[in-house]
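Given next are the chains, with one letter for each unit.
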Amino acid sequence: MNDGSTSGELTNSLRALLARLAPGDRLPSSRELIKEYRVGPATVARAIAALAAEGAVVTRPGSGTYVAQRTRLDAEAPAADTSWQTVALTDRTVDTHLIADPLGPPPAGTIPLDGGYVHRSLQPARALSTALARAARRPDAWDRAPAGGLPELRTVFAHIVGGSVAAEDVLITAGGQSALSIAFRAIAGPGSPVLVESPTYPRALAAARAAGLRPVPVPLDADGVRPDLLADAFAMTGARLLYCQPTYQNPTGTVLAPERRRQVLDVARASGAFVIEDDFARHLGHGGPVPRPLVADDRDGTVVHVTSLTKPAAPSLRIGALVARGPVMERMRAVRLVDDFFVTRPLQEAALEVIGSPSWDRHVRSLGTALRERCAVLAAAVTRDIPGATLATLPTGGLHLWLRLPPGVDDAVLTSAARQRGVAVSAGSRYFATEPPAAHLRIGFAATAGLGELTEGVRRLGAALADLDPGEGLADRGPGQE
């Protein structure tokens with residue numbers, strides 16, 4: 001074990017040692033562990049503390065650390081019976097089938113073309129680490145944060161959104177997914193319909209259903225959601241809520257056309273409905289101008305805006321924001337108080353330092369350049385190695401390509417075959433609230449280590465498609481279909 005070993009690795013090694021010892025046996029001293037595993041004193045202390053918290057060891061000051069006595073965890077203890085929970089839990093309200101990977105975790109070496117976050121090499125890791133270390137040293141680091149978020153951070157988000165948005169219109173959340181969950185539960189009651197783009201983000205569908213809402217799909221075309229069909233959907237369902245992604249939509253990458261942006265708001269207002277604008281890709285443009293958020297031009301409180309720093313920064317920077325005006329903001333603040341009081345202060349302080357620094361703009365620009373290059377390389381590879389497939393569009397922002405598969409190919413079968421070839425992709429059926437009109441794949445270009453992995457991943461995907469038996473990859477057909 002080298003000097004860079006973590007306390008977690010040492011803890012695992014000590015667990016293996018404990019399995020060979022008897023209750024009451026003494027562990028090697030800290031000095032012996034430091035020498036044997038080549039780690040520092042702090043690493044040993046953290047590992048011993050973790051084992052003590054688990055009840056695996058007992059520390060006796062001045063004497064040493066000993067294996068804890070085994071009691072009710074003996075091997076002879078009868079197996080637990082949790083079958084009663086099936087009756088107690090009744091109906092399932094949280095459905096994760098669209099967001100859970102049915103194939104399980106991919107094996108080591110799998111090329112991740114299904115990732116929704118940027119690779120570590122594209123993250124501002126040094127700036128994040130420095131900011132978090134500074135935040136932890138503040139005298140008020142562990143004080144309670146304001147329920148709405150730090151005023152300075154709310155001001156920064158208001159500036160990012162633009163228009164007449166002010167700090168009091170902003171509620172800091174623990175990432176974009178938390179913001180969606182809060183908004184769905186605050187705006188519509190259980191059993192209500194919610195209009196969604198088709199296709200759309202699976203975790204938004206899951207959050208809506210967990211809130212008891214019924215997603216109703218409204219088709220997209222190359223210019224985004226269709227206002228004519230949107231008006232029909234509002235009239236037919238009586239919905240009072242639309243969830244949409246106007247900028248670099250996930251999964252298609254489409255951008256709502258300028259003339260449609262006003263039409264969508266007009267249709268929603270005429271229906272007395274709210275629009276949840278998921279602006280997750282605000283900082284994921286590929287170098288060109290990024291459209292203004294819908295909320296920046298909305299003064300009447302129609303739009304509830306969701307944004308996040310997670311996608312352009314790092315998966316564990318769980319900082320997002322809700323932007324809204326009027327009573328709906330008070331309703332969302334109430335939901336947040338019931339959920340978790342506030343977002344941890346050190347993480348807010350770190351986020352404030354990172355996005356308030358001039359280096360943030362440089363990061364966003366360099367990230368956009370890298371994403372544009374990756375997008376072009378992946379699109380060229382798909383055109384070359386996936387015959388018969390069609391790219392819906394070459395996106396100007398975001399992290400994904402949306403690929404329509406050749407006629408008759410089953411996206412789930414191909415996804416499984418690709419995994420066996422060592423490449424992970426996302427089956428398109430996960431992105432539809434109801435039956436998909438055709439088979440698609442969502443292929444990401446941000447999570448791989450470099451361009452070489454992108455091209456190799458597509459080569460493997462093409463090989464998996466070519467290897468499908470003529471009947472194996474065909475989607476199920478109804479009577480009379482060919």
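Residues numbered from 1 in each chain as written. Predicted model: local features only at pLDDT ≥ 70, side-chain atom pairs only at ≥ 80, totals over all residues. Heavy atoms only, no water.

Trainee: Help me understand helix 10 (residues 258–270) in this model?
Mentor: Spanning 13 residues, helix 10 covers 19 Å between terminal C-alpha atoms, matching the ideal 18 Å at 1.5 Å per step. Turning to helix 10, its buried residues are Arg260, Arg261, Val264, Leu265, Val267 and Ala268. An end-on view of helix 10 places all buried positions within 160 degrees of arc, on one side of the element. Every exposed residue of helix 10 that faces more than 90 degrees away from the buried side is listed here: Pro258 and Ala270. Where helix 10 is buried, its residues contact strand 6 (214–221), strand 7 (224–225), helix 9 (227–237), strand 8 (241–244), strand 9 (274–278) and strand 10 (303–308). Gly272 occupies a position one or two residues after helix 10 and carries a positive phi of about 65 degrees. (Helix = DSSP H or I, 4+ residues; strand = E, 2+ residues; numbered from the N terminus. Expected span 1.5 Å × (residues − 1). Buried < 20%, exposed > 50% of the residue type's maximum accessible area, 1.4 Å probe, protein only. Arc of directions from axis to C-beta. Contact = heavy atoms within 4.5 Å.)

Trainee: In this structure, what is going on with the packing of helix 13 (residues 358–385) against helix 15 (residues 451–467)? I would like to understand it.
Mentor: Two packed helices can be described by the angle between their axes and the distance between those axes. Interaxial distance between helix 13 and helix 15 falls to 9 Å at its minimum, and their mutual angle equals 25 degrees. With respect to each other, helix 13 and helix 15 are oriented roughly parallel. As for the relative orientation of helix 13 and helix 15, their crossing is right-handed in sense. Facing Glu373, Arg374, Val377, Leu378, Ala381, Val382, Arg384 and Asp385 of helix 13, the residues of helix 15 in contact are Leu451, Leu454, Thr455, Val458, Arg459 and Gly462. The residue makeup of the contact of helix 13 with helix 15, split by class, is seven nonpolar, two polar and five charged. (Axes fitted to C-alpha atoms, helices over the stretch in contact; angles between N-to-C directions. Parallel < 35°, antiparallel > 145°, perpendicular 65-115°, else oblique. Left-handed = near helix turned anticlockwise from the far one by under 90°. Nonpolar A, V, L, I, M, F, W, Y, C, P; charged D, E, K, R; others polar.)

Trainee: Would you mind going over the pattern of salt bridges with me for this structure?
Mentor: Close approach of charged atoms lets side chains of opposite charge pair. Tallied over the entire structure, the rule returns 22 salt bridges. A salt bridge links Asp140 to Arg138, with the shortest nitrogen-to-oxygen separation between them at 3.2 Å. Given a relative accessible area of 19%, Asp140 falls into the buried group. Its salt-bridge partner being Arg345, residue Asp140 comes within 3.3 Å of it at the nearest N-O pair. (Salt bridge = Lys/Arg side-chain N within 4 Å of Asp/Glu carboxyl O.)

Trainee: Honestly, the packing of aromatic side chains in this entry has me stumped. Any pointers?
Mentor: In this description, an aromatic ring pair is defined by two values, namely the gap between the centres and the angle between the planes. Under the defined criterion, the tally for this structure stands at three aromatic pairs. A centroid spacing of 5.7 Å and a plane angle of 75 degrees characterise the contact between Trp402 and Tyr431, whose relative ring orientation is edge-to-face. Taken together, the residues Trp402 in strand 13 (residues 400–404) and Tyr431 in the loop between strand 15 (426–427) and strand 16 (440–444) connect sequence positions 29 residues apart. Judged by its relative accessible area of 4%, Trp402 is buried. A centroid spacing of 6.2 Å and a plane angle of 45 degrees characterise the contact between Trp402 and Phe432, whose relative ring orientation is tilted. Placement of the pair is Trp402 in strand 13 and Phe432 in the loop between strand 15 and strand 16, with a sequence separation of 30 residues. Overall, Phe432 belongs to the buried group, its relative accessible area being 6%. Cluster of aromatic residues (ring-pair linked, three or more members): Trp402, Tyr431 and Phe432. Note that Arg60 overlies the ring of Tyr66, its terminal NZ or CZ placed 4.3 Å from the centroid. In this structure, Arg144 packs its charged tip against the face of Phe341, placed 5.3 Å from the ring centre. (Phe/Tyr/Trp six-rings, centres within 6.5 Å; stacked < 30°, edge-to-face > 60°. Lys NZ or Arg CZ within 6 Å of the ring centre and 35° of its normal.)

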